[in-house]
Amino acid sequence: MNALLWLLLPVAAASGWWLARRLPARRDGRSIHTTPAYFRGLNYLLNEEPDKAIDVFVQLLEVDSETVETHLALGSLFRRRGEVERAIRIHQNLIARPALDEEHRASALLELGKDYMRAGLYDRAENLFLELKEMKQHVRKALENLLVIYQQEKDWQACLDVSEELQPLVREPLGLARAHYYCELAEEALARGDNREAESLLERAVVADPQSIRPRHLQARMARERGDCQNAISQLRRIAERNPDYISEILPDLHKCHAMRGDLAGLREYLENFLNDRFDIDVVLALVDLLKQMEGEGAARRFLTAQMESHPTIRGLLRLMELNATLPDASAGRILVGLKDHMGRLLAERPAYQCTHCGYAASTLHWQCPSCRHWSTLRRKHEPEEKRL
(Lines give C-alpha, C1' and ligand atoms only; values in the text may rest on other atoms or scores of the structure.)
Protein backbone atom coordinates (compact mmCIF):
# COMPACT_ATOMS: atom_id res chain seq x y z
CA MET A 1 0.00 0.00 0.00
CA ASN A 2 2.85 2.40 0.81
CA ALA A 3 4.36 1.73 -2.61
CA LEU A 4 1.08 2.63 -4.28
CA LEU A 5 0.88 5.80 -2.20
CA TRP A 6 4.27 6.89 -3.51
CA LEU A 7 3.12 6.05 -7.03
CA LEU A 8 0.07 8.29 -6.79
CA LEU A 9 1.71 11.28 -5.12
CA PRO A 10 3.29 12.47 -8.41
CA VAL A 11 -0.12 12.20 -10.02
CA ALA A 12 -1.59 14.38 -7.30
CA ALA A 13 1.19 16.90 -7.84
CA ALA A 14 0.60 16.87 -11.59
CA SER A 15 -3.10 17.41 -11.03
CA GLY A 16 -2.41 20.41 -8.85
CA TRP A 17 0.04 21.84 -11.38
CA TRP A 18 -2.48 21.44 -14.18
CA LEU A 19 -5.22 23.09 -12.17
CA ALA A 20 -2.92 25.98 -11.30
CA ARG A 21 -2.23 26.53 -14.98
CA ARG A 22 -5.75 26.10 -16.25
CA LEU A 23 -7.98 27.68 -13.63
CA PRO A 24 -7.98 31.41 -12.78
CA ALA A 25 -6.72 32.54 -9.39
CA ARG A 26 -9.41 33.26 -6.85
CA ARG A 27 -9.99 36.88 -5.82
CA ASP A 28 -10.10 35.97 -2.15
CA GLY A 29 -6.43 34.87 -2.39
CA ARG A 30 -7.02 31.18 -1.65
CA SER A 31 -4.67 28.72 -3.39
CA ILE A 32 -5.97 26.79 -6.35
CA HIS A 33 -5.01 23.64 -4.43
CA THR A 34 -8.02 24.26 -2.21
CA THR A 35 -10.22 22.92 -5.04
CA PRO A 36 -12.59 20.45 -3.34
CA ALA A 37 -11.90 17.63 -5.82
CA TYR A 38 -8.14 17.98 -5.32
CA PHE A 39 -8.49 17.82 -1.54
CA ARG A 40 -10.84 14.86 -1.87
CA GLY A 41 -8.19 12.98 -3.87
CA LEU A 42 -5.51 13.74 -1.28
CA ASN A 43 -7.84 12.61 1.47
CA TYR A 44 -8.35 9.27 -0.30
CA LEU A 45 -4.58 8.85 -0.51
CA LEU A 46 -4.07 9.58 3.18
CA ASN A 47 -6.87 7.17 4.10
CA GLU A 48 -5.25 4.46 1.95
CA GLU A 49 -8.08 4.33 -0.59
CA PRO A 50 -6.02 4.36 -3.81
CA ASP A 51 -8.85 3.22 -6.10
CA LYS A 52 -10.93 6.28 -5.30
CA ALA A 53 -7.87 8.54 -5.47
CA ILE A 54 -7.09 7.27 -8.97
CA ASP A 55 -10.58 8.13 -10.19
CA VAL A 56 -10.39 11.64 -8.77
CA PHE A 57 -6.97 12.50 -10.19
CA VAL A 58 -7.72 11.01 -13.61
CA GLN A 59 -10.86 13.15 -13.78
CA LEU A 60 -8.88 16.25 -12.76
CA LEU A 61 -6.33 15.60 -15.48
CA GLU A 62 -8.55 16.35 -18.45
CA VAL A 63 -7.10 15.06 -21.67
CA ASP A 64 -5.43 17.71 -23.80
CA SER A 65 -2.04 18.22 -25.41
CA GLU A 66 -0.50 19.11 -22.04
CA THR A 67 -1.70 16.08 -20.06
CA VAL A 68 -1.64 13.15 -22.52
CA GLU A 69 1.92 12.25 -21.56
CA THR A 70 0.91 12.18 -17.90
CA HIS A 71 -1.92 9.76 -18.67
CA LEU A 72 0.38 7.57 -20.73
CA ALA A 73 2.99 7.51 -17.98
CA LEU A 74 0.40 6.72 -15.33
CA GLY A 75 -1.02 3.84 -17.34
CA SER A 76 2.45 2.45 -17.98
CA LEU A 77 3.25 2.60 -14.27
CA PHE A 78 0.13 0.65 -13.39
CA ARG A 79 0.88 -2.00 -16.01
CA ARG A 80 4.40 -2.52 -14.67
CA ARG A 81 2.94 -2.91 -11.18
CA GLY A 82 0.52 -5.55 -12.45
CA GLU A 83 -2.51 -3.23 -12.18
CA VAL A 84 -3.53 -4.10 -15.74
CA GLU A 85 -7.23 -3.23 -15.46
CA ARG A 86 -6.40 0.29 -14.32
CA ALA A 87 -3.87 0.71 -17.11
CA ILE A 88 -6.45 -0.44 -19.67
CA ARG A 89 -9.03 1.99 -18.31
CA ILE A 90 -6.65 4.95 -18.56
CA HIS A 91 -5.51 4.14 -22.09
CA GLN A 92 -9.03 3.39 -23.32
CA ASN A 93 -10.13 6.74 -21.92
CA LEU A 94 -7.39 8.44 -23.94
CA ILE A 95 -8.32 6.73 -27.21
CA ALA A 96 -11.99 7.62 -26.74
CA ARG A 97 -11.19 11.35 -26.88
CA PRO A 98 -12.17 12.64 -30.36
CA ALA A 99 -9.86 15.64 -30.16
CA LEU A 100 -6.74 13.52 -29.62
CA ASP A 101 -4.13 14.10 -32.35
CA GLU A 102 -2.80 11.18 -34.41
CA GLU A 103 0.58 10.99 -32.69
CA HIS A 104 -0.88 10.77 -29.19
CA ARG A 105 -3.57 8.36 -30.34
CA ALA A 106 -0.89 6.08 -31.76
CA SER A 107 1.00 6.19 -28.45
CA ALA A 108 -2.18 5.31 -26.58
CA LEU A 109 -2.87 2.41 -28.97
CA LEU A 110 0.64 1.09 -28.41
CA GLU A 111 0.28 1.24 -24.63
CA LEU A 112 -3.19 -0.32 -24.73
CA GLY A 113 -1.80 -3.15 -26.88
CA LYS A 114 0.85 -3.78 -24.23
CA ASP A 115 -1.86 -3.77 -21.57
CA TYR A 116 -3.82 -6.42 -23.48
CA MET A 117 -0.68 -8.52 -23.89
CA ARG A 118 -0.01 -8.35 -20.15
CA ALA A 119 -3.60 -9.44 -19.54
CA GLY A 120 -3.26 -12.35 -21.99
CA LEU A 121 -5.75 -10.84 -24.46
CA TYR A 122 -3.60 -11.54 -27.49
CA ASP A 123 -6.33 -11.16 -30.12
CA ARG A 124 -7.10 -7.62 -29.00
CA ALA A 125 -3.42 -6.74 -28.74
CA GLU A 126 -2.75 -8.14 -32.21
CA ASN A 127 -5.50 -5.99 -33.76
CA LEU A 128 -4.07 -2.84 -32.19
CA PHE A 129 -0.52 -3.56 -33.34
CA LEU A 130 -1.75 -4.33 -36.86
CA GLU A 131 -3.62 -1.02 -36.82
CA LEU A 132 -0.43 0.79 -35.82
CA LYS A 133 1.42 -0.88 -38.67
CA GLU A 134 -1.23 0.29 -41.13
CA MET A 135 -1.01 3.80 -39.66
CA LYS A 136 2.80 3.66 -40.05
CA GLN A 137 3.14 4.70 -36.41
CA HIS A 138 5.49 2.95 -33.94
CA VAL A 139 6.03 0.30 -36.62
CA ARG A 140 9.12 -1.27 -35.05
CA LYS A 141 7.54 -1.63 -31.62
CA ALA A 142 4.32 -2.91 -33.15
CA LEU A 143 6.20 -5.58 -35.13
CA GLU A 144 8.29 -6.58 -32.10
CA ASN A 145 5.15 -7.09 -30.05
CA LEU A 146 3.44 -8.97 -32.88
CA LEU A 147 6.45 -11.29 -32.97
CA VAL A 148 6.04 -11.99 -29.24
CA ILE A 149 2.33 -12.73 -29.73
CA TYR A 150 2.87 -15.08 -32.69
CA GLN A 151 5.64 -16.93 -30.86
CA GLN A 152 3.32 -17.36 -27.88
CA GLU A 153 0.60 -18.68 -30.20
CA LYS A 154 3.14 -20.85 -32.11
CA ASP A 155 2.11 -19.29 -35.41
CA TRP A 156 5.54 -19.81 -36.98
CA GLN A 157 4.62 -18.70 -40.49
CA ALA A 158 3.36 -15.40 -39.08
CA CYS A 159 6.65 -15.12 -37.17
CA LEU A 160 8.56 -15.49 -40.42
CA ASP A 161 6.44 -12.83 -42.12
CA VAL A 162 6.80 -10.35 -39.27
CA SER A 163 10.54 -10.96 -38.82
CA GLU A 164 11.07 -10.23 -42.52
CA GLU A 165 9.36 -6.85 -42.09
CA LEU A 166 11.18 -6.18 -38.84
CA GLN A 167 14.73 -6.96 -39.97
CA PRO A 168 15.36 -3.64 -41.82
CA LEU A 169 14.23 -1.73 -38.71
CA VAL A 170 16.56 -3.33 -36.14
CA ARG A 171 20.32 -3.66 -35.84
CA GLU A 172 20.59 -7.21 -34.54
CA PRO A 173 20.27 -9.97 -37.16
CA LEU A 174 17.17 -12.14 -36.91
CA GLY A 175 18.64 -15.07 -38.81
CA LEU A 176 18.87 -17.36 -35.77
CA ALA A 177 15.23 -16.76 -34.82
CA ARG A 178 14.13 -17.30 -38.42
CA ALA A 179 16.06 -20.59 -38.54
CA HIS A 180 14.14 -21.77 -35.49
CA TYR A 181 10.81 -20.73 -37.04
CA TYR A 182 11.64 -22.86 -40.09
CA CYS A 183 12.59 -25.74 -37.78
CA GLU A 184 9.29 -25.48 -35.93
CA LEU A 185 7.43 -25.63 -39.25
CA ALA A 186 9.62 -28.57 -40.31
CA GLU A 187 8.74 -30.48 -37.14
CA GLU A 188 5.06 -29.86 -37.83
CA ALA A 189 5.56 -31.18 -41.38
CA LEU A 190 7.32 -34.27 -40.03
CA ALA A 191 4.47 -34.86 -37.59
CA ARG A 192 1.99 -35.03 -40.47
CA GLY A 193 4.34 -37.18 -42.59
CA ASP A 194 5.32 -34.55 -45.15
CA ASN A 195 9.07 -35.27 -45.33
CA ARG A 196 9.60 -33.36 -48.56
CA GLU A 197 8.20 -30.16 -47.09
CA ALA A 198 10.27 -30.71 -43.95
CA GLU A 199 13.47 -31.06 -46.00
CA SER A 200 12.69 -27.86 -47.89
CA LEU A 201 12.04 -25.95 -44.67
CA LEU A 202 15.28 -27.20 -43.08
CA GLU A 203 17.26 -26.08 -46.12
CA ARG A 204 15.77 -22.61 -45.70
CA ALA A 205 16.66 -22.74 -42.00
CA VAL A 206 20.31 -23.40 -42.85
CA VAL A 207 20.28 -20.48 -45.30
CA ALA A 208 18.72 -18.20 -42.66
CA ASP A 209 21.50 -19.01 -40.18
CA PRO A 210 24.35 -21.24 -41.41
CA GLN A 211 25.69 -21.56 -37.84
CA SER A 212 22.44 -22.87 -36.38
CA ILE A 213 22.66 -26.37 -34.92
CA ARG A 214 19.01 -27.34 -34.75
CA PRO A 215 18.28 -27.68 -38.51
CA ARG A 216 21.37 -29.85 -39.01
CA HIS A 217 20.33 -32.08 -36.12
CA LEU A 218 16.90 -32.52 -37.68
CA GLN A 219 18.49 -33.22 -41.07
CA ALA A 220 20.70 -35.87 -39.46
CA ARG A 221 17.69 -37.47 -37.80
CA MET A 222 15.81 -37.58 -41.10
CA ALA A 223 18.86 -39.11 -42.80
CA ARG A 224 19.04 -41.83 -40.12
CA GLU A 225 15.34 -42.60 -40.45
CA ARG A 226 15.67 -43.15 -44.20
CA GLY A 227 18.70 -45.40 -43.63
CA ASP A 228 21.45 -42.97 -44.68
CA CYS A 229 23.49 -43.45 -41.52
CA GLN A 230 26.81 -42.28 -42.99
CA ASN A 231 25.32 -38.89 -43.86
CA ALA A 232 23.66 -38.69 -40.44
CA ILE A 233 26.94 -39.47 -38.63
CA SER A 234 28.78 -36.80 -40.62
CA GLN A 235 26.12 -34.21 -39.78
CA LEU A 236 26.14 -35.11 -36.08
CA ARG A 237 29.91 -34.96 -35.81
CA ARG A 238 29.95 -31.52 -37.46
CA ILE A 239 27.47 -30.36 -34.83
CA ALA A 240 29.77 -31.54 -32.04
CA GLU A 241 32.77 -29.85 -33.67
CA ARG A 242 30.86 -26.60 -34.03
CA ASN A 243 29.47 -26.61 -30.50
CA PRO A 244 30.77 -29.31 -28.13
CA ASP A 245 28.19 -28.32 -25.50
CA TYR A 246 25.55 -30.10 -27.60
CA ILE A 247 27.33 -33.46 -27.55
CA SER A 248 24.87 -34.79 -24.96
CA GLU A 249 21.96 -34.05 -27.31
CA ILE A 250 23.41 -35.94 -30.28
CA LEU A 251 24.77 -38.99 -28.42
CA PRO A 252 21.54 -41.05 -28.70
CA ASP A 253 21.37 -40.46 -32.46
CA LEU A 254 25.06 -41.22 -32.87
CA HIS A 255 24.66 -44.51 -31.02
CA LYS A 256 21.65 -45.50 -33.14
CA CYS A 257 23.47 -44.73 -36.39
CA HIS A 258 26.61 -46.68 -35.44
CA ALA A 259 24.51 -49.58 -34.18
CA MET A 260 22.56 -49.69 -37.46
CA ARG A 261 25.87 -49.88 -39.33
CA GLY A 262 27.28 -52.49 -36.93
CA ASP A 263 30.15 -50.12 -36.10
CA LEU A 264 30.18 -49.70 -32.33
CA ALA A 265 33.98 -49.78 -32.45
CA GLY A 266 33.89 -46.64 -34.60
CA LEU A 267 31.66 -44.93 -32.04
CA ARG A 268 34.00 -45.95 -29.23
CA GLU A 269 37.00 -44.51 -31.08
CA TYR A 270 35.16 -41.24 -31.76
CA LEU A 271 34.07 -40.83 -28.12
CA GLU A 272 37.55 -41.63 -26.78
CA ASN A 273 39.06 -39.01 -29.10
CA PHE A 274 36.45 -36.50 -27.96
CA LEU A 275 37.40 -37.15 -24.31
CA ASN A 276 41.07 -36.60 -25.10
CA ASP A 277 40.23 -33.04 -26.12
CA ARG A 278 37.48 -32.21 -23.64
CA PHE A 279 36.06 -33.90 -20.54
CA ASP A 280 32.31 -34.40 -20.66
CA ILE A 281 30.43 -36.60 -18.21
CA ASP A 282 27.80 -37.51 -20.81
CA VAL A 283 30.50 -38.86 -23.11
CA VAL A 284 32.04 -40.77 -20.19
CA LEU A 285 28.71 -42.41 -19.32
CA ALA A 286 28.06 -43.21 -22.99
CA LEU A 287 31.44 -44.96 -23.10
CA VAL A 288 30.59 -46.84 -19.92
CA ASP A 289 27.45 -48.22 -21.57
CA LEU A 290 29.42 -49.03 -24.71
CA LEU A 291 32.19 -50.85 -22.84
CA LYS A 292 29.65 -52.79 -20.82
CA GLN A 293 27.98 -53.88 -24.06
CA MET A 294 31.24 -54.71 -25.87
CA GLU A 295 33.55 -56.05 -23.14
CA GLY A 296 31.44 -56.60 -20.04
CA GLU A 297 30.77 -54.96 -16.71
CA GLY A 298 34.33 -55.30 -15.41
CA ALA A 299 35.78 -53.21 -18.25
CA ALA A 300 33.11 -50.58 -17.74
CA ARG A 301 33.83 -50.46 -14.00
CA ARG A 302 37.59 -50.08 -14.49
CA PHE A 303 37.16 -47.31 -17.05
CA LEU A 304 34.72 -45.34 -14.90
CA THR A 305 36.86 -45.76 -11.77
CA ALA A 306 39.83 -44.25 -13.62
CA GLN A 307 37.69 -41.35 -14.88
CA MET A 308 36.33 -40.60 -11.40
CA GLU A 309 39.83 -40.50 -9.95
CA SER A 310 40.73 -37.62 -12.26
CA HIS A 311 37.30 -36.01 -12.85
CA PRO A 312 34.88 -36.93 -10.02
CA THR A 313 31.26 -35.93 -10.62
CA ILE A 314 27.97 -36.74 -8.90
CA ARG A 315 26.56 -38.49 -11.95
CA GLY A 316 29.75 -40.46 -12.46
CA LEU A 317 29.90 -41.57 -8.83
CA LEU A 318 26.23 -42.51 -8.94
CA ARG A 319 26.87 -44.76 -11.94
CA LEU A 320 29.95 -46.24 -10.26
CA MET A 321 27.78 -47.16 -7.28
CA GLU A 322 25.41 -48.98 -9.59
CA LEU A 323 28.26 -50.96 -11.09
CA ASN A 324 29.77 -51.76 -7.68
CA ALA A 325 26.40 -52.79 -6.25
CA THR A 326 26.64 -56.00 -8.28
CA LEU A 327 29.81 -57.11 -6.47
CA PRO A 328 29.58 -60.23 -4.21
CA ASP A 329 29.91 -58.37 -0.91
CA ALA A 330 26.24 -58.05 0.04
CA SER A 331 26.75 -55.59 2.89
CA ALA A 332 28.81 -53.25 0.73
CA GLY A 333 26.16 -53.57 -1.94
CA ARG A 334 23.41 -52.48 0.46
CA ILE A 335 25.42 -49.40 1.49
CA LEU A 336 26.03 -48.50 -2.12
CA VAL A 337 22.35 -48.88 -2.96
CA GLY A 338 21.40 -46.55 -0.11
CA LEU A 339 23.89 -43.93 -1.24
CA LYS A 340 22.71 -44.34 -4.82
CA ASP A 341 19.10 -43.58 -3.88
CA HIS A 342 20.08 -40.53 -1.87
CA MET A 343 22.31 -39.09 -4.60
CA GLY A 344 19.69 -39.91 -7.21
CA ARG A 345 17.13 -37.75 -5.39
CA LEU A 346 19.60 -34.88 -5.11
CA LEU A 347 20.44 -35.15 -8.78
CA ALA A 348 16.79 -35.24 -9.84
CA GLU A 349 16.16 -31.92 -8.11
CA ARG A 350 19.01 -30.16 -9.88
CA PRO A 351 18.17 -28.37 -13.15
CA ALA A 352 20.36 -29.65 -15.98
CA TYR A 353 20.18 -26.58 -18.25
CA GLN A 354 20.55 -22.84 -17.79
CA CYS A 355 19.91 -19.91 -20.09
CA THR A 356 23.09 -17.98 -20.89
CA HIS A 357 21.04 -14.81 -21.42
CA CYS A 358 18.74 -14.58 -18.38
CA GLY A 359 19.84 -17.46 -16.12
CA TYR A 360 16.57 -19.43 -16.37
CA ALA A 361 17.10 -23.01 -15.17
CA ALA A 362 15.33 -26.02 -16.68
CA SER A 363 15.46 -29.80 -16.40
CA THR A 364 15.20 -30.35 -20.16
CA LEU A 365 16.51 -28.57 -23.24
CA HIS A 366 14.27 -25.86 -24.75
CA TRP A 367 15.29 -24.34 -28.06
CA GLN A 368 13.59 -21.09 -26.99
CA CYS A 369 14.10 -19.94 -23.40
CA PRO A 370 10.65 -19.94 -21.69
CA SER A 371 11.68 -16.88 -19.68
CA CYS A 372 13.48 -14.37 -21.95
CA ARG A 373 12.28 -15.90 -25.27
CA HIS A 374 15.78 -15.91 -26.75
CA TRP A 375 16.63 -18.77 -29.09
CA SER A 376 19.44 -21.33 -28.58
CA THR A 377 20.57 -19.85 -25.25
CA LEU A 378 19.97 -22.88 -22.99
CA ARG A 379 23.13 -24.81 -22.26
CA ARG A 380 23.80 -27.84 -20.13
CA LYS A 381 25.02 -26.67 -16.73
CA HIS A 382 28.59 -27.45 -15.78
CA GLU A 383 28.45 -26.90 -12.04
CA PRO A 384 31.46 -27.35 -9.74
CA GLU A 385 30.73 -31.02 -9.13
CA GLU A 386 30.68 -31.55 -12.90
CA LYS A 387 34.35 -30.60 -12.91
CA ARG A 388 35.85 -31.61 -9.59
CA LEU A 389 34.47 -32.47 -6.18
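Position labels on residues start from 1 in each chain and follow its written sequence. Only residues with pLDDT of at least 70 are given local features in this predicted model, and only at 80 or more are side-chain atom pairs given and counted; all residues enter the totals for whole chains, interfaces and linings. Excluding hydrogens and water, the side-chain values take into account all heavy atoms of the structure.

**A word on the confidence of the model for the chain**
Item 1. Note on scores: pLDDT gives the predictor's confidence for each residue, bounded by 0 and 100. Confidence along the chain averages 82 in pLDDT terms, with 75% of residues attaining 70 or more.
Item 2. Contacts were defined at the residue level, with two residues in contact if any of their heavy atoms lie within 4.5 Å. Confidence over residues 12–34 falls short of pLDDT 50; this stretch has 33 contacts with residues more than four positions distant or in other chains.

**Considering the packing of helix α11 (residues 195–208) against helix α12 (residues 214–225)**
Item 1. Angles shown run from 0 to 180 degrees and are taken between the N-to-C directions of axes, each axis being a line fitted to C-alpha atoms and, for helices, limited to the stretch in contact. Segments assigned H or I by DSSP are reported as helices when at least four residues long, segments assigned E as strands when at least two residues long, and all are numbered from the N terminus. For the pair α11 and α12, interaxial distance at closest approach is 9 Å and the crossing angle is 150 degrees. Taken together, the axis directions place α11 and α12 in an arrangement best described as roughly antiparallel. Crossing angle aside, the handedness with which α11 passes α12 is left-handed. Along its contact with α11, which presents N195, A198, E199, L202, E203, A205 and V206, the element α12 presents P215, R216, L218, Q219 and M222. What sets the label is the angle itself: under 35 degrees gives roughly parallel, over 145 gives roughly antiparallel, 65 to 115 gives roughly perpendicular, and the rest give oblique. Left-handed is the label given to a crossing in which the near helix is rotated counterclockwise from the far helix by less than a right angle, and right-handed is the label when the rotation is clockwise.

**Remarks on helix α18 (residues 314–324)**
Item 1. Residue burial is assigned from relative accessible area. The probe radius is 1.4 Å, only protein chains are included, and a residue is buried under 20% of its type maximum, exposed over 50%, and partly exposed in between. Burial analysis of α18 places 8 of its 11 residues in the buried class, which makes it a mostly covered element.
Item 2. Buried within α18 are the following residues: R315, G316, L318, R319, L320, M321, L323 and N324.

**Side note on the sheet that holds strand β3 (residues 378–380)**
Item 1. Paired strands are those between which DSSP finds at least two bridges. Sheet architecture is open: 3 strands sit in the order β2-β1-β3, paired in antiparallel fashion. Because the sheet does not close on itself, it has two edges, and the strands there are β2 (361–362) and β3.
Item 2. With 3 bridges joining them, strand β1 (residues 353–355) and β3 adopt antiparallel strand pairing. Across the sheet, the residue bridging to C355 is L378, located in β3.

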